[in-house]
Amino acid sequence: MIEKIIGILIPPACREEVLGDLRERNEGVQLFLYDALRTLPFVIFSRVRRTTDPVVLLMQAFCCYVSFLTAAWFLDPKLIGDRQGLLRLGIPCAIALVVLALADAYADPRKKSPLRPFLAVALAFAAVGIALTIYPVLPGRLVGIGSGLSIAFLLVLRMMFPPFADRPQQAQGPAFWQKQEIAAAGVLKLTAAVAAVLFGVSMLPERMAAPALLFAILGGAVYWATRR
Amino acid sequence: MKFESAGQFEQLVLTAILALRDDAYGVSIHAKVAELAKPRNVSLGAVYVTLDRLEDKGYVASWLADPTPERGGRSKRFYRLEALGERALRESLQTARRVWQEVGRVRGWLKT
């Protein structure tokens, strides 16, 4: 019974060998459970890392956020002006992306289905719907329209860049060859840094925002110049 | 393709696979790595993460064997060192040797 429950929690791609190893290492139920609970987070993390393409994830995050921003622009413009509003618009995106990453990690690479990319998106926004019904941080209509736009964008993106488990495997080829490459190295880091600065500045009181932004821009310029 | 050198834990896992030859699978690799890494504790999960990363880098290849009864009818995933892995391990060894010689020379541990 416990083995079955643990088996469900282990991503299907590595379930067979991980369950076998745990069974071989541990005689009793308690030892098996203890070892399984220690190993499980590593196994899930590793599978998410393998199945998630950071560049595609960034594109999905951008599409998702722009969708909710557009919905807010038309339905509730005050939300965009509000300091916490921009942060609240990111909550459904974060939920959707986490569920999408987990759905891809838990996809069984042996069972190919053309519907899988769409089911993962549907699952992600079902989770968004449930989470925001329980804890309504955004108006329902905004969530509905934002989710609809996001689903359209994400479906196109996932058709262009299928989930990692569904891509054709190269014979003995290193898996990272199949991930998207950014032409200009460091674009991902730069995007993350800009997002972090904007988020940090938006959290500061108004009189401190402009000097802080100026300081961040100057710091970035000095770093860029000295790095060159 | 950019060649990445292996980190310290990756070197331990690569050495374990090399030493175990045809018997390199999760449990045996973990036991060997734990033996090599003494007195550090090594978790099975950390070994899985590293094996996945090494496979992504093309340092090792893996395949599923037939199920065995002592594992509740589950299969073992065996690992084999690839040419890139051998190269990474050789480079790590050469670096370690250079470091050892330099430290030995400075401290007078080695006779010149």
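K.L.:
In this structure, what is going on with the overall build of chain A? I would like to understand it.
P.N.:
For chain A, the count of helices and strands is 10 helices and 0 strands. Listing every helix and strand of chain A by position from the N terminus yields α-α-α-α-α-α-α-α-α-α. Out of the 228 residues in chain A, the part that is buried amounts to 25%. Relative to all contacts within chain A whose residues are 6 or more apart in sequence, the contacts with residues 24 or more apart total 75%.

K.L.:
Whenever I open this one, the overall build of chain B confuses me. Can you help?
P.N.:
Scanning chain B from terminus to terminus reveals 4 helices and 2 strands. Principal-axis analysis of the C-alpha atoms places the extent of chain B at approximately 55 × 35 × 20 Å. Burial statistics for chain B: of 112 residues in total, 35% are counted as buried. Relative to all contacts within chain B whose residues are 6 or more apart in sequence, the contacts with residues 24 or more apart total 47%.

K.L.:
What is the right way to look at helix α8 (residues 140-160) of chain A in this model?
P.N.:
An α-helical turn contains 3.6 residues, so a residue and the one three or four places further along point in the same direction. All names here are of chain A. Relative to the 30 Å expected for 21 residues at 1.5 Å per residue, α8 spans 30 Å between its end C-alpha atoms, a close match to the ideal helical length. For α8, the set of buried residues is L142, V143, G146, S147, S150, L154 and R158. The buried residues of α8 occupy one face: seen down the axis, they fall within an arc of 110°. Residues of α8 that are exposed and point over 90 degrees away from its buried face: R141, V156 and M159. Of the surrounding secondary structure, the elements contacted by the buried residues of α8 are α4 (54-75), α6 (83-105) and α7 (116-134).

K.L.:
Would you explain the domain arrangement of chain A in this entry?
P.N.:
One widely used convention gives an interface's size as the accessible area the parts lose upon coming together. For chain A, the domain assignment lists domain 1 (2-48), domain 2 (53-164) and domain 3 (184-228). Between the C-alpha centres of domain 1 of chain A and domain 3 of chain A the distance comes to 42 Å.

K.L.:
Can you walk me through helix α2 (residues 26-36) of chain B in this structure?
P.N.:
Of the residues making up α2 of chain B, those classed as buried are G26, I29, H30, K32 and V33 of chain B. Along the long axis of α2 of chain B, the arc covered by the buried residues comes to 165°, so they all point the same way. Of the surrounding secondary structure, the elements contacted by the buried residues of α2 of chain B are α2 (12-25) of chain A together with α1 (8-20), α3 (44-57) and β2 (77-81) of chain B.

K.L.:
What is the right way to read the interface of chain B and chain A from this model?
P.N.:
On the chain A side, the residues contacting the 22 residues of chain B number 22 residues. Elements represented by at least two residues in the side of chain B that touches chain A include exactly α2, α3 and β1 (60-64) of chain B. When the residues that make up the side of chain B that touches chain A are grouped by side-chain class, the tally is 7 nonpolar, 6 polar and 9 charged.

K.L.:
How should I be thinking about the packing of helix α1 (residues 2-9) of chain A against helix α3 (residues 29-51) of chain A in this particular structure?
P.N.:
In a pair of packed helices, the angle between the axes and the distance between the axes together describe the arrangement. Residues and elements named next belong to chain A. Following both chains from N to C, one finds α1 and α3 inclined at 5°, their axes separated by 11 Å at the closest point. Between α1 and α3, the interaxial angle falls into the category roughly parallel. Where α1 abuts α3, its residues I2, I6 and L9 lie against V29, F32, L33, A36 and L40. Of the residues that constitute the contact of α1 with α3, the class distribution is 8 nonpolar, no polar and no charged.

K.L.:
What should I look at first to understand unusual backbone geometry in this one?
P.N.:
With glycine set apart, most residues show a phi of negative sign, and most peptide bonds adopt trans. All names here are of chain B. With an omega of 5°, the peptide bond between K38 and P39 qualifies as cis. Following the sequence through the fold, P39 ends up in the loop between α2 and α3. With a phi angle near 50°, R21 is a residue other than glycine that sits in the positive phi range. With respect to the helices and strands, the residue R21 is situated in the loop between α1 and α2. Residue classification places R21 among the exposed positions, given that 9 C-beta atoms sit within 10 Å.

K.L.:
Hey, could you run me through the packing of α3 of chain A against α3 of chain B in this one?
P.N.:
For the pair α3 of chain A and α3 of chain B, the least separation of the axes is 7 Å and the interaxial angle reads 20°. Taken together, α3 of chain A and α3 of chain B sit at an angle that is classed as roughly parallel. Handedness of the crossing formed by α3 of chain A with α3 of chain B: right-handed. Between α3 of chain A, through D35, R38, T39, P41, F42, V43, F45, S46 and R50 of chain A, and α3 of chain B, the contact on the second element is made entirely by L44, G45, A46, Y48, V49, D52 and D56 of chain B. For the contact of α3 of chain A with α3 of chain B, a count of residues per class yields 8 nonpolar, 3 polar and 5 charged.

K.L.:
What am I meant to see in the confidence of the model for chain B here?
P.N.:
Interpreting fine coordinate detail is not advised for predicted regions of low pLDDT. Model confidence for chain B is summarised by a mean pLDDT of 86, while 95% of its residues fall at 70 or above. Taken together, the chains of this predicted complex give a pTM of 0.75 and an interface ipTM of 0.82.

K.L.:
Before we go on, may I ask you to explain the nonpolar core in this structure?
P.N.:
A general tendency of soluble globular proteins is for nonpolar side chains to be buried together. By size, the foremost hydrophobic cluster in this structure holds 33 residues, and its most contacted members are V13, L14, I17, I29, V47 and Y79 of chain B. Those elements that place two or more of their residues in this core are α2 and α3 of chain A together with α1, α2, α3, β2 and α4 (83-107) of chain B. The element that contributes the greatest number of residues to this core is α3 of chain B, accounting for 6 residues. In contact with I17 of chain B, other than residues within four places in its own chain, are A24, I29, V60, Y79 and L81 of chain B. Core analysis: the second largest hydrophobic core is formed by 27 residues, A96, A103, Y106 and L138 of chain A among them.

Definitions and cut-offs
- Residues numbered from 1 in each chain as written.
- Chains lettered and ligands numbered in written order.
- Predicted model: local features only at pLDDT ≥ 70, side-chain atom pairs only at ≥ 80, totals over all residues.
- Helix = DSSP H or I, 4+ residues; strand = E, 2+ residues; numbered from the N terminus.
- Buried ≥ 20, exposed ≤ 12 C-beta atoms within 10 Å, placed from the backbone.
- Contact = placed C-beta atoms within 7 Å.
- Expected span 1.5 Å × (residues − 1).
- Arc of directions from axis to C-beta.
- Domains from an automatic or database assignment.
- Nonpolar A, V, L, I, M, F, W, Y, C, P; charged D, E, K, R; others polar.
- Axes fitted to C-alpha atoms, helices over the stretch in contact; angles between N-to-C directions.
- Parallel < 35°, antiparallel > 145°, perpendicular 65-115°, else oblique.
- Left-handed = near helix turned anticlockwise from the far one by under 90°.
- pLDDT = per-residue confidence, 0-100.
- Core = buried A, V, L, I, M, F, W, Y, C linked by C-beta atoms within 7 Å.

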